[in-house]
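If you want the building blocks of each chain, they are given just below.
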Amino acid sequence: TAIIQIDTLSKQYDSGTRALSDVTLDIHEGEIIALLGPNGAGKTTLISIICGLVVPTGGTVRVGGHDIRTDWRAARRLIGLVPQEIALEPFEKVINCVRFTRGLYGEGQDDAHIEQVLRSLALWDKRDAATRELSGGMKRRVLIAKALAHRPKVLFLDEPTAGVDVALRREMWEVVGQLRREGVTIILTTHYLEEAEEMADRIGVINKGRLLLVKPTSELMGEFGKKT
Ligand code: ADP
Ligand code: ADP
């Protein structure tokens, strides 16, 4: 069954921009899906709606069966969002950043879980370091750790490698591979076909607010192969 059900979703901003038109998509538990499209395609709008940050003008989204409009709290609890921008308290310790996010969800502290998250992201040895001491890659991993702190079922990665160098891009791919092995459902946005191919089980191509197609990565890449 689908963990996220998106049905004829539309968004027109007050400015008049139609950012999404009739997007319908089921996302299955345990899969990694990449939303591939150029700047302005509507990817961030789609993620923001599912995460309850932007109100749609039409259609519905259910997360774990909970309608995001009528049952927002229950839906939000199942979701972790890794934003595009790195925003971390520079003088705060890594472990406290992660504890803080968990607290935001009203969850009691669970040190065993936080340790497991930090270990799986290779941050355990850095747990007492201030975030400003970390490399760019480590900072990105702290953002992921924060997003995983309340044990979400679905993790959103908005342009996880925007503006990063090749080495760091590879590192992020490895992190996603690790999360895949742990069974986290992941939705990521990217404008690199190569990145979608590397990380995702399925690729959804989005342009001008429309979901043009959704296919298993192998099938889509096979078709590209035939054309060239
Ligand atoms: P909403 O329909 O969500 O109320 P608005 O059109 O009122 O959206 O814009 C919300 C905010 O986003 C405003 O502060 C506006 O300045 C900003 N904004 C407007 N156009 C864009 C754009 N093209 N990209 C990003 N932000 C924008
Ligand atoms: P992507 O993430 O694929 O780059 P976005 O969802 O950010 O696409 O943007 C889709 C369209 O909606 C663009 O035309 C963008 O300028 C517009 N847009 C995004 N946010 C806002 C906003 N807050 N207010 C008005 N227009 C917006």
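Model, not experiment: these values are computed from the prediction.

A.B. asks: Give a description of the overall build of the protein chain that names residues and reports values.
C.D. replies: A tally of regular secondary structure across the protein chain gives eight helices and 10 strands. In terms of its C-alpha atoms, the protein chain occupies a principal-axis envelope of roughly 50 × 45 × 35 Å. Counting all 228 residues of the protein chain, 50% fall into the buried class. Once local pairs closer than 6 in sequence are excluded, the contacts in the protein chain between residues at least 24 apart make up 67%. Split by element, the accessible area of the protein chain, about 11,100 Å² in all, is 49% carbon and sulfur. Here the protein chain contributes 31 positive and 31 negative side-chain charges, whose respective centroids are spaced 2 Å apart.

A.B. asks: I'd like to hear about the sheet that holds strand S2 (residues 18-28), residue by residue, with values.
C.D. replies: Across the sheet, four strands lie side by side as S2-S1-S4-S5; this open sheet has antiparallel pairing. Lying at the two open borders of the sheet, with one neighbouring strand each, are S2 and strand S5 (66-67). Pairing geometry for strand S4 (residues 58-63) and S5, over two bridges, is antiparallel. Bridged to Val63 within S5 is His66.

A.B. asks: Help me get a handle on the confidence of the model for the protein chain, residues and values and all.
C.D. replies: Looking at the protein chain as a whole, its pLDDT mean stands at 91, while 98% of the residues score no less than 70. Per the prediction output, this complex has pTM 0.83; the corresponding ipTM is 0.70.

A.B. asks: If you had to explain the packing of helix H3 (residues 94-104) against helix H5 (residues 136-148) to someone new, which residues and values would you point to?
C.D. replies: Relative placement of two packed helices is described by the angle separating their axes and the distance separating the axes. Between H3 and H5, the least distance of the axes is 8 Å, while the angle of their chain directions is 35°. Handedness of the H3/H5 crossing: right-handed. In contact with Val94, Cys97, Val98 and Thr101 of H3, H5 contributes Val142, Ala145 and Lys146.

A.B. asks: Before we move on, could you go through the site of ligand 1 and cite the residues and values that matter?
C.D. replies: Close to ligand 1 lie Lys11, Tyr13, Asp14 and Ser15, which account for all nearby residues. The contact in question runs from an oxygen atom of ligand 1 to an N or O atom on the side chain of Asp14, over 2.9 Å. At a separation of 3.2 Å, an oxygen atom of ligand 1 approaches a polar backbone atom of Ser15. Protein coverage of the free-state accessible area of ligand 1, which is 560 Å², stands at 28%. In terms of residue class, the shell around ligand 1 is built from one nonpolar, one polar and two charged.

A.B. asks: Explain the site of ligand 2 to me, and be specific about the residues and the numbers.
C.D. replies: Around ligand 2, the neighbouring residues are Tyr13, Ser15, Thr17, Ala19, Pro38, Asn39, Gly40, Ala41, Gly42, Lys43, Thr44 and Thr45. Tyr13 places a polar side-chain atom, nitrogen or oxygen, 3.4 Å from a nitrogen atom of ligand 2. In the model, an oxygen atom of ligand 2 is placed 3.1 Å from a nitrogen or oxygen of the Ala41 main chain. Isolated, ligand 2 exposes 560 Å² of accessible area, and the fraction of that covered by the protein chains is 61%. In terms of residue count, helix H1 (residues 43-50) provides more of the shell around ligand 2 than any other element does, three residues in total. A breakdown of the residues in the shell around ligand 2 according to their chemical character gives four nonpolar, seven polar and one charged.

Criteria and thresholds
- As a convention, each chain's residues are numbered from 1 in the sequence order in which they are written.
- Starting at A for chains and at 1 for ligands, labels are handed out in the order in which the entities are written.
- Where totals are concerned, whole chains, interfaces and linings use all residues; where local detail is concerned, this predicted model gives features only for residues with pLDDT of at least 70, and gives and counts side-chain atom pairs only at 80 or more.
- Note that the side-chain values use all heavy atoms of the structure and ignore hydrogens as well as water.
- For helices the rule is a DSSP run of H or I covering at least 4 residues; for strands it is a run of E covering at least 2, with both sets numbered from the N terminus onward.
- Any residue under 20% of the maximum accessible area for its type is buried, any over 50% is exposed, and the rest in between are partly exposed; the area is computed with a 1.4 Å probe on protein chains only.
- Note on definitions: a residue-residue contact is assigned when non-hydrogen atoms from the two residues lie within 4.5 Å.
- Computed with a 1.4 Å probe, the accessible areas rest on the Shrake-Rupley method; for each residue, only the protein chains presented here act as cover.
- His residues and chain termini do not enter the charge count, which takes Lys and Arg as positive and Asp and Glu as negative.
- Each charge is placed at NZ for Lys, CZ for Arg, CG for Asp and CD for Glu.
- Here the rule is simple: two strands pair whenever DSSP picks up at least two bridges between them.
- Per residue, pLDDT captures the predictor's confidence, and it can take any value from 0 to 100.
- Here the axes come from fitting lines to C-alpha atoms, over the contacting stretch only for helices, and the angles between their N-to-C directions go from 0 to 180 degrees.
- Helix crossings get a hand from a simple test, with the near helix turned counterclockwise from the far one by less than a right angle marking a left-handed crossing and a clockwise turn marking a right-handed one.
- Definition of nearness: a residue and a molecule or strand are near each other if at least one heavy atom of the residue lies within 4 Å of the molecule or strand.
- Counting of polar contacts relies on pairs of N or O atoms within 3.5 Å, with two restrictions inside protein: one atom must be capable of donating a hydrogen and the other of accepting it, and residues adjacent in sequence are counted only when both atoms are side-chain atoms.
- Classification used: nonpolar for Ala, Val, Leu, Ile, Met, Phe, Trp, Tyr, Cys and Pro, charged for Asp, Glu, Lys and Arg, polar for all others including Gly.

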